[in-house]
Amino acid sequence: MGRLVILFSGMAYFMFCLTCMAGNGKGKLLHLGLTETGWQVFEYDLSSQQTKQLTFSMGDKNWPRYVEATGMIAFRESRGYVYTYSDGKEARWSEKTGMCASYALADQGKSMFYTWWAADNRGRHHLWRQGRGDGFPTLFRRPDVGSFGHLAISPDGKLLVASQIPGFYEERLVLLDLDNKSLAEYLTPNTFRAMYPSWSLDGKRILFSGTRDSQNYDLFEVDIATRKISPLVASSDANEFAPVEGGDGAKVYYERKSAGQVHLDVLDRKSGKITQLDLPYPAREPYWYD
């Protein structure tokens, strides 16, 4: 009888874990996974819990992105060039585009905004724009002070949010209008260090990683209309980065670093429950798409 109880309890726990995994959402999650050849781009199917490695070339990758209009997957490779992945092949997004520190695709993947250093000062990164067929990039905006960092374009393609680094241990989110280069507005105060911005699926909020004391990075979101900043995930023993919404906006996927380990977690907005995605490798920088 005791063995039956133990067996039943084990089966119940197993079924509970499967239920938790199945509740991680729908769609697919691009992300980086650590391999013998560095950080490579993987795709994780949230419904089937199956993971697939997409890139295999030597060197670390980052910023994996998906363009729905074309089905194109893009990423930045270790030298700073933006590449695409299609049918098992990796290729430069454009042979006429140089290296970058961060990038964001626009116009259904036909153009790109990216950051790179100023000609006279490698300590300052300006914002550039280039179409896939353009021969040369054009300077879109110089920061009023400091450098531009992480970039994200709104779902409607009209706005761009960038992290701006005015000085040492300071980073703020600034909202830029792509139709009017002169418009720029800070979304976070100078007492807040903010990075890794991403847009909510409805385009009404921006999710980001931030800290007030430079100790632990937690997750927040700012409402575009009200400028109200609200907490999403906070922990005293870990850092949370790169949040993205998934599904109907009920899930938030993000990178969690703790005790030298890094993996992907998912927050259920409705219940507040947090679960870890079951991946057989260290993982970071998620990007959700359907």
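All values derive from a computational prediction rather than experimental measurement.

Right, let's get into the environment of Gly-98. Tracing the backbone shows Gly-98 in the loop between β7 (89-92) and β8 (102-106). Along the primary structure Gly-98 and Phe-140 are separated by 42 residues, whereas in three dimensions their C-alpha atoms are 15 Å apart. Other than its neighbours up to four places away in sequence, Gly-98 contacts Gly-80 and Tyr-81.

Taking burial as the measure, the six residues of strand β5 (residues 72-77) include six buried ones, the bulk of the element. By the alternation rule, side chains of β5 split into Met-72, Ala-74 and Arg-76 and Ile-73, Phe-75 and Glu-77, which are all buried. Bridge count between strand β4 (residues 61-67) and β5: five bridges; the pairing is antiparallel. Opposite Lys-61, over in β5, you have Glu-77 as the bridge partner. Taking the residues that link successive antiparallel strands as the turn, the β4-β5 hairpin has four residues, and the phi of Gly-71 there is positive, at about 75 degrees. As paired strands, β5 and strand β6 (residues 82-86) are joined by four bridges and run antiparallel to one another. Bridge assignment links Ile-73 to a residue of β6, and that residue is Tyr-85. Once β5 ends, the chain turns through four residues before running back antiparallel as β6, passing Gly-80 with a positive phi of about 105 degrees.

Moving on, we get to the pairing of strand β3 (residues 50-53). As paired elements, strand β2 (residues 38-45) and β3 share four bridges and run antiparallel to each other. Bridging across to β3, Tyr-44 finds its partner in Thr-51. The hairpin formed by β2 and β3 contains four residues between the paired strands, and Gln-49 there has a positive phi angle of roughly 55 degrees.

How each quantity is defined
- Residues numbered from 1 in each chain as written.
- Predicted model: local features only at pLDDT ≥ 70, side-chain atom pairs only at ≥ 80, totals over all residues.
- Heavy atoms only, no water.
- Helix = DSSP H or I, 4+ residues; strand = E, 2+ residues; numbered from the N terminus.
- Contact = heavy atoms within 4.5 Å.
- Buried < 20%, exposed > 50% of the residue type's maximum accessible area, 1.4 Å probe, protein only.
- Pairing = 2+ DSSP bridges.

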